[in-house]
Amino acid sequence: MRRRSLAVIGTALVLGAAAAGCGNGSGSGGDGDKPIVVGSTLSLTGAFAATGQIHKIAGQEFVDRLNANGGLLGRKVEWKVVDDQSDQAKVSQLYERLISQDKVDLILGPYATPNILSAMAVAQRHGYVMPQHSAVLAPQLTYDCQFPAWSIGPTPNSFIPNQLFDAVATLPSPPKKIAVLTSQSGSAAFVSDGFGDDKSGALSIAKERGLDVVADIHYPPTTTDWAPIAAQVRDADPDLIIDNGLGVDAANILQAMAQLNYKPKQMFGLFPAPGPLLALGDEAEGMLSVSMFEPNKPTLDKLGPEATAITADFTKRAEAAKLPYTVFETQAAASWNAWEILTDAVKNSGGTDQRKMCDTLHQKGADTTFSGHLTFDPKAHNFWPTTQSIKQIQNGDWVTVWPADRAAAKLEGPRP
Amino acid sequence: MIRRGGIGLLVAFLVLVAVGAFSDPLGLPSFYLILLGSICFWIAQATSWNILSGYSGYFSFGQAAYVGVGAYTTAVLSGRHGVNFFLTVPLAAVLCGLLALGVGAVAFRLGSLRGEIFALLTLAVPFILAAFARINQSIDGGQGTTVPVPEVPDAFGSLPELQYLLALLIAAIAVAAAYAIQHSRTGSALAAIRDAEDVAEVLGVATFRYKMLAMLISGVLGGVAGSVYALQIGFVTVESVFGLTIPLFVIVMGVLGGRTHWLGPVIGAVLIVTLQDRLSSYGLDAWNSIILGGVLALLVAVSPDGLYARLRARPLVSLGSLVVVGGGLAVLNVWGEFLDWLVVGMLVAALLAIVLGSRWATARLPLGRRARTTAEPVPAEPAIAEPAIADPEPAEAEAGTPGDEPGAVLVECRQVARYFGGVHALEDVTLDIRAGELVGLVGPNGSGKTTLINLLSGAFRPTRGVIRLDGQDITRMAPHKIAHVGMARTYQIPRPFDSMTVRDNVAMAIMFGREPLPLHRARPIAERHLATVALDHLADAHPADLNLHQRQLLEMARAIASSPKVLLLDEALAGLNPAEVDNAVRVVRRIHESGITIVIVEHLLRVLNQLATRLVVLDRGTCLADGEPQTVLNDPAVIRAYLGRQAHV
Amino acid sequence: MSEPLLQVRDLDVRYGDAQALWDVAIEVHEGETVCVVGPNGAGKSTLVNAVAGIHPAHRGRISVGGVDVTRLRGHRVCGHGVAIVPEGRRIFPRMTVLDNLVLGAYRKSARRPHRETLAGVYEIFPRLAERAGQLAGSLSGGEQQMVAIGRALMAQPRLLLLDEPSLGLAPVRVDEVYDAIGRINERGVSVVVVEQDVQRALAIAGRAYLLGEGRVVMSGPAAELRDSAEVRRSVLGL
Amino acid sequence: MNVIQATLTGALIGGLYALMAAGLSVTWGVLRIINLAHFGLILIGAYLTFQVATSWHLDPVLTLVVTVPAMFVAGAAIQWLFDRLRLTEFNSLLVSFGLLIITIQVTSNIWSADFRRMSADVNPYATQSVALGRLVFPVTTLVAFGLAALVVLGAHLVLRRTFAGRAMRAIAQDRAVAGAFGVDHRRLSVLLGGVVGATAALAGMVFALSNALTPDTAYEWFGTVFAVVILGGIGEVVGTFAAGILVGVLSGVVSAVWSPAAAPFVLFSAIILALLLRPQGLFAAGGVR
């Protein structure tokens, strides 16, 4: 018995000592020769891992190029990236470690909205500037030194449906009956149902525009059997199917409909994994989605040789990593933007002082390769005027088709 | 002793509180607070799981249900309806408590649910709750809820400090609850349920009530911890709280640390969380799950008792290796940082404890501190030889002739029948047993003797008929109530509570008897009963260290400890050698002389012939003969039943 | 005299730390019927289970047809021609009668001729042919005993061990079973019968062993034991 | 119409559930091992199908030539290991859970966590179907149903008509007596493990035919497959098949007439009811146990 209480006290003392003794953990340096360390987590395993991979390859490519060109402020840049296993609970712990224990100089956000929200709280506590690639729901991102690298403007829940409806309205025979499928996931459902008190989303906007919503189906993100959904859609036979879902949802729904011998007239998928849709071949032809960047020839020609080299290098790296889809598109471009926001802040403020970096970004904005010059308005939670486009699968490839000034090809309507 | 352990816990808690409160002056990076907070969360969850699954042996896969309901209560109420965070915590506790009681009422009402079926049933619960939350989008608005940061009271400083202190408080409450339960009657009851549930019931433990209590405590703790978890993650979705990760981790921690002791899950949680942090710090994330899975598989295969038991067996080696390895690394300071040293130290200590505790090592190394069965020879005969109890000239007075007072009728069986499907195990048995009798119950195999014992003790209910004990109708009573009326029994194959010492085995019967006593008062009485069966010298041993005869004596001691009016002995002499039989017979006589009426099932007619005051012969489920041993054994019908129907006498 | 078919010497058997048999020695010769009698708990079932390989021996030697089978793993013993009708029959209740019987012919040399063997079994127990497709668990006790015996015969044993074949059966059925045992023995199969129904067993056996508290108390021609006071004392404990 | 279509496709998809559940059910019933690693074998079977079909441009159904032997060996090896360890039924659940976690992580390390899907040119089945008026039968689910029916029929015949099959049923009912008649349960359990591994290869192939693969998919099978095993009755192959169809129809119809989110709610409530009212399974009759 005495031993047991000794053990208890011992454990407590050890833990206490742990806490007390860690002050001398890692030295606090700031020498000119030391590399600048950037810390972040990515979902390299688990539910969000499919996209986490892309950000890892793009980020590594960015760091390599940066160092090849002399680094940042004459110092090498080192990227410490940790796997958060798509587990939201791990994210805050890992960022806490990166900042307060590993004492990284800079941080970048993780991937996926819930994770970004967790990381943002930690960054805010420590006053760190946090550029992030993929959270677009502006009202949630309240920290003024959080900088989005992908913007759908301040109200994405109404912007996306409006942009889509605007685009399809230009078709010779615009859709009248629509079906809305919604994944019950925080990253997608707001485009159908709105967010918080703002109830405007695809469902309400469709009604405002006089469209007939013939099917409204919400499905859990864990859905594996798509046949019942496909059958309902087939029976409703809409002119346009909107799938506000993620990952392989759109591909699975398309395939399930194909298996029912049903070819949808036109379909839109919100945030699909691009590869699996292309793998469907002819079935996915004409599919619509949102995009921030597609490496279409006209676009690349406009951006210049640097952009072409970056996208080509990415493809090579992605092939080496055996990614199924190796094209540098929206996610990779968002990643690139985030890095450029971060490095611009350091360059323009002349150091890694977080407050200065944050202020500099608010004052001067940042220059990016793929989205041009960005300005950050703290009132809109730093969400810059969007460059969001609509893309379409044409002849087995993703092409930007809307709005006209950024389009690389013409939007195609349903095939007869 | 209880107090000293409690003081240890209190000191540990205060040290950790101080660490949180003075983290700034200590120069403590906030990461350590977050890590400690995370450890505390998992300690609370693993402990909550352990109170049900470890203590009572009902393995649950449904921990996510409590975390989910707790987190959702807090997230939805504070995030969507503006309720104060601190008010949502007790609400989460209440909701999870109700949920636990509901699941328990469904699962335990159907008595036969055990093991994997209970596990699968609990696995289904979070699935249902998750689907429920998704169907009713009005609960979370269909896309998860942000948990607003509560106003941090001035005393707490920053939010991380508040989060840490909250997590610590809940972990402390959970561990204190686990500690208190383990050292209380409830803990003993749950351990007995885990070791042998129906024996516990027959001994007087109201098993249903205790299982429900464990469910309730587990649910409340899990829910409160889940509610604080919502604050930690900040944004709650169905996937993040109702998934498989939480039950998986909780099970790994519980199994790793050890399920029978309050400290087990604590050890498991500390080790797993810090190990995971170190692996990820060194970029070994791809190995994280492989190591976790490997640890689980290996540990269940090699040391199913968990680390705690192994560590406790060698506290000096364990603590020493932790201090030497961890401290050595710290002093050398050539590699890593504090957490690395701590984790390496803990791993070395754990590994040493496992290796040294393995069968291979105990057999080969002379270090055996308390090697079971082999090292501590328990001589059968010498121990029995002279029990130091007042027993003048054992059993000289009566050799077959009973106490001359017939006594009042104590047990009445009226037309009792029991069928199993189409098999008629007992058919209309009518029988009276009077106070002071020692009735031998005999009959060929399959004649229904054990069935009758099971009916009398309440293990089965009769298909037909009435049984009364001391005037009370016990026909449909729960076994533990029958025990309280005054019935006790032993089992043909002894069924001790393996996790308890011999003394505590007997003390169980006193703690849950007609006049319940706390453990510390039950123990001295237990020793008196052990002396009656001449087992007092083995009071500190565990049942596994006893031989068959000693285990059977333990059964008797445990049975008489509940001070029964009637004692049912089911083949208490089977498998013994002649010397042991003689000793057991002396013990039975002594028990009988102390005024307990006995019904004994036995094959050895030569023994019963001398011992019993009356013989009842069963054959094919009916009463064939009843009377004085000599008369009965000369009854032609009895001889036919035993020697075969062609016997000519 | 030739080497016995079954020879058991110095056999100790334990269940955990409970010892059930001490120094037991028995012999069965080719073509013999031997019975083992004794009170409940004397170790009769333990003895046949040890011989059949269901329960391992702790010490001693068991040989069948001159081959030492003591250390063989359970399923190898039957390859030497031993088949058992276990206590309580232990048929496979959720298999049909036919499947129960055919399973008996599982050992290699019994498989090929199993159709002929089956015909032989049906000859002894015609009722089993009528019940072939029924689930064995749904049969009456007597029929189940026939299944158990038939199953053992399917293994084409040289030595048949019967453990309490009369247990729980109505007298008429017991007569049938014993009648069958006699006919099986006539076909050249050596038989060991373990019985509580002492008189019954002694009536059909040539030689007998009396077991008491795990030891052989007495052995000799069955007739001798039948009249022995020792048997009565042992079984009735008088 | 909608409901009829949902019922039909549900029933066909039930074939896949049955195919996944059959092996789990039989090892549980005969060998008293709850082998969660079976999900890992299905996962590897699916990835191997994807890999072999993609690299060698082989028809995915023909990949069985490679995957079935490979999974047979893997299944037999796992069973051999379990036999050595002498685990209780419950500990087998924990140990095999550990193995499953390892398998999933290894899969993720080899194939990455990204979605993998056979492209349309190697996998012609993904979008084909057979139509009967307005009613349509997708080819992948027909394959699943056909294979499940074949496996169940085969297992049924083997268990009933062969010595090995009878021996397995005998071990399930009374291992000691079966041993006394020459049944070597170690050899049989390794053999059974191999066969069960082979069914995992079939299930994996069927799954890969119509789905994108990620390592985490294995966890999503848990609920449904256990539902099938329990409803079907542990160790009952025919029952498993019937339960697979029932579960498929139930979730299909609930998804169609109520909501896809409601399907798990109805399904798992049904399981709890089934566990309480008929713990031996809805279709338990004349199986292995």
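Residues numbered from 1 in each chain as written. Chains lettered and ligands numbered in written order. Predicted model: local features only at pLDDT ≥ 70, side-chain atom pairs only at ≥ 80, totals over all residues. Heavy atoms only, no water.

Trainee: Sorry, what's going on with the overall build of chain A here?
Mentor: Secondary structure assignment for chain A yields 14 helices and 14 strands. Here the C-alpha radius of gyration of chain A, 23 Å, is about what a compact globule of 416 residues would show, namely 22 Å. Counting the 416 residues in chain A, one finds 64% classified as buried. Long-range contacts, defined as pairs at least 24 residues apart, comprise 67% of the intrachain contacts of chain A with a sequence gap of at least 6. Looking at charge distribution, chain A has the averaged site of its 35 positive side-chain charges lying 6 Å from that of its 43 negative ones. (Helix = DSSP H or I, 4+ residues; strand = E, 2+ residues; numbered from the N terminus. Rg over C-alpha atoms; globule rule 2.2 N^0.38 Å. Buried < 20%, exposed > 50% of the residue type's maximum accessible area, 1.4 Å probe, protein only. Contact = heavy atoms within 4.5 Å. Lys, Arg positive; Asp, Glu negative; His and termini not counted. Charge placed at Lys NZ, Arg CZ, Asp CG, Glu CD.)

Trainee: I'm lost on the packing of helix α4 (residues 85-109) of chain B against helix α8 (residues 207-233) of chain B in this one. Help?
Mentor: All names here are of chain B. In contact at an axis separation of 7 Å, α4 and α8 are set at 145° when each is read in the N-to-C sense. Relative to α8, the crossing made by α4 is right-handed. Grouping the constituent residues of the contact of α4 with α8 by class yields 17 nonpolar, six polar and two charged. (Axes fitted to C-alpha atoms, helices over the stretch in contact; angles between N-to-C directions. Left-handed = near helix turned anticlockwise from the far one by under 90°. Nonpolar A, V, L, I, M, F, W, Y, C, P; charged D, E, K, R; others polar.)

Trainee: Help me understand the state of the cysteines, please; the structure alone is not making it clear to me.
Mentor: Should the sulfur atoms of two cysteines be covalently bonded, the bond is a disulfide. One pass over the structure, following the stated rule, counts one disulfide over all chains. The disulfide bridge from A:C145 ends at A:C358, spanning 2.1 Å between sulfur atoms. Looking down the S-S bond of the A:C145 and A:C358 bridge, the torsion is -100°, so its handedness is left-handed. Here A:C358 lies in helix α14 (residues 354-364) and A:C145 lies in the loop between β4 (130-132) and β5 (146-148), a separation of 213 residues in the sequence. For the pair A:C145 and A:C358, a shared accessibility class is recorded, and that class is buried. Of all cysteine sulfurs, the one in B:C40 lies closest to B:C96, which takes part in no disulfide; the gap is 19 Å. Owing to a relative accessible area of 0%, B:C96 belongs among the buried residues under this scheme. B:C623 takes part in no disulfide bond, and the closest cysteine sulfur to it belongs to B:C413, at a distance of 9.8 Å. Among the residues examined, B:C623 registers a relative accessible area of 32% and is labelled partly exposed. (Disulfide = S-S within 2.5 Å.)

Trainee: Honestly, the confidence of the model for chain A in this entry has me stumped. Any pointers?
Mentor: When pLDDT drops low, the exact placement of atoms in the prediction is not to be read closely. Per-residue confidence for chain A gives a mean pLDDT of 87; residues scoring 70 or more make up 92%. Confidence over residues 15-30 of chain A falls short of pLDDT 50; this stretch has 20 contacts with residues more than four positions distant or in other chains. (pLDDT = per-residue confidence, 0-100.)

Trainee: Quick question: what am I supposed to make of the interface of chain B and chain C here?
Mentor: A common way to state how big an interface is: give the accessible area lost once the parts meet. The partner chain C presents 24 residues to the 27 residues of chain B that form the contact. Between chain B and chain C, the buried area comes to about 2,100 Å², and carbon and sulfur atoms account for 53% of it. The interface formed by chain B and chain C holds zero salt bridges in total. Here chain B is connected to chain C by zero residue pairs in polar contact (both at pLDDT 80 or more). Among the elements of the structure, α22 (548-561), α24 (605-611) and α26 (636-643) of chain B are those that each provide at least two residues to the side of chain B that touches chain C. (Buried area = accessible area lost by both parts, 1.4 Å probe. Salt bridge = Lys/Arg side-chain N within 4 Å of Asp/Glu carboxyl O. Polar contact = N/O pair within 3.5 Å; in protein donor to acceptor, adjacent residues only side chain to side chain.)

Trainee: I would appreciate a short explanation of the side chain of B:K449 in the present structure.
Mentor: Looking at the element boundaries, B:K449 is found in helix α18 (residues 449-457). The residues touching B:K449, leaving out its near neighbours within four places in the chain, are B:L441, B:V442, B:G443, B:P444, B:V601, B:H603, B:L618 and C:N40.

Trainee: Just to check I follow, could you spell out the packing of aromatic side chains for this structure?
Mentor: Each aromatic ring pair is summarised here by two numbers: the centre-to-centre distance and the angle between the ring planes. Under the counting rule described, the total for this entry stands at 38 aromatic pairs over all chains. With a centroid separation of 5.5 Å and 65° between ring planes, the pair formed by B:F31 and B:Y32 is classed as edge-to-face. On the basis of relative accessibility, which here comes to 2%, the residue B:Y32 falls in the buried class. Judged by centre distance (6.3 Å) and plane angle (40°), the ring pair of D:Y219 and D:F222 falls under tilted. A residue pair is termed a helical-turn pair when its members lie 3 or 4 positions apart in one helix, as D:Y219 and D:F222 do in helix α9 (residues 217-232) at three residues. Note on D:Y219: relative accessible area 22%, which makes it partly exposed. Taken together through their ring pairs, the aromatic side chains of A:F62, A:W79, A:F293, A:F314, A:F328, A:W336, A:W339 and A:F370 make up a single cluster. Positioned above the aromatic ring of B:F512, the side-chain terminus of B:R185 is 4.5 Å from the ring centre. (Phe/Tyr/Trp six-rings, centres within 6.5 Å; stacked < 30°, edge-to-face > 60°. Lys NZ or Arg CZ within 6 Å of the ring centre and 35° of its normal.)

Trainee: For this particular structure, what's the right way to read the sheet that holds strand β3 (residues 106-107) of chain A?
Mentor: Strands belonging to one sheet form pairs held by backbone hydrogen bonds; the direction of such a pair is parallel or antiparallel. All names here are of chain A. Pairing is parallel in the open sheet, where three strands are placed in the order β2-β1-β3. At either margin of the open sheet sits one strand with a lone partner, and together these are β2 (77-83) and β3. Bridge count for strand β1 (residues 36-42) against β3 is two bridges, and the pairing is parallel. Looking at β3, one finds that G39 is bridged to I107. In this fold helix α2 (residues 49-68) packs onto β1 and β2, with an angle of close to 170° to the strand it touches most, β2. (Pairing = 2+ DSSP bridges.)

Trainee: Is there a simple way to explain the pairing of strand β1 (residues 6-15) of chain C in this structure?
Mentor: The side chains of a regular strand alternate between both faces of the sheet. All names here are of chain C. Relative to strand β4 (residues 59-64), β1 is paired through five bridges, and the arrangement is antiparallel. Counted as the bridge partner of L6 is V64 from β4. Here β1 folds back onto strand β2 (residues 18-28) in antiparallel fashion, the turn holding two residues, of which G16 has a positive phi close to 60°.

Trainee: Sorry, what's going on with the interface of chain A and chain B here?
Mentor: Chain A puts 50 residues into the contact, and the matching count from chain B is 55 residues. A combined buried area of about 4,500 Å² lies between chain A and chain B, and 61% of that area is made up of carbon and sulfur atoms. Scanning the region where chain A abuts chain B turns up one salt bridge. On inspection of chain A and its partner chain B, the count reaches 11 residue pairs in polar contact (both at pLDDT 80 or more). Going through the elements one at a time, α1 (2-21), β2, α3 (88-101), α4 (113-126) and α6 (190-193) of chain A are the ones with two or more residues in the side of chain A that touches chain B. The element that contributes the greatest number of residues to the side of chain A that touches chain B is α1(A), accounting for 14 residues. Considered class by class, the residues forming the side of chain A that touches chain B number 21 nonpolar, 18 polar and 11 charged.

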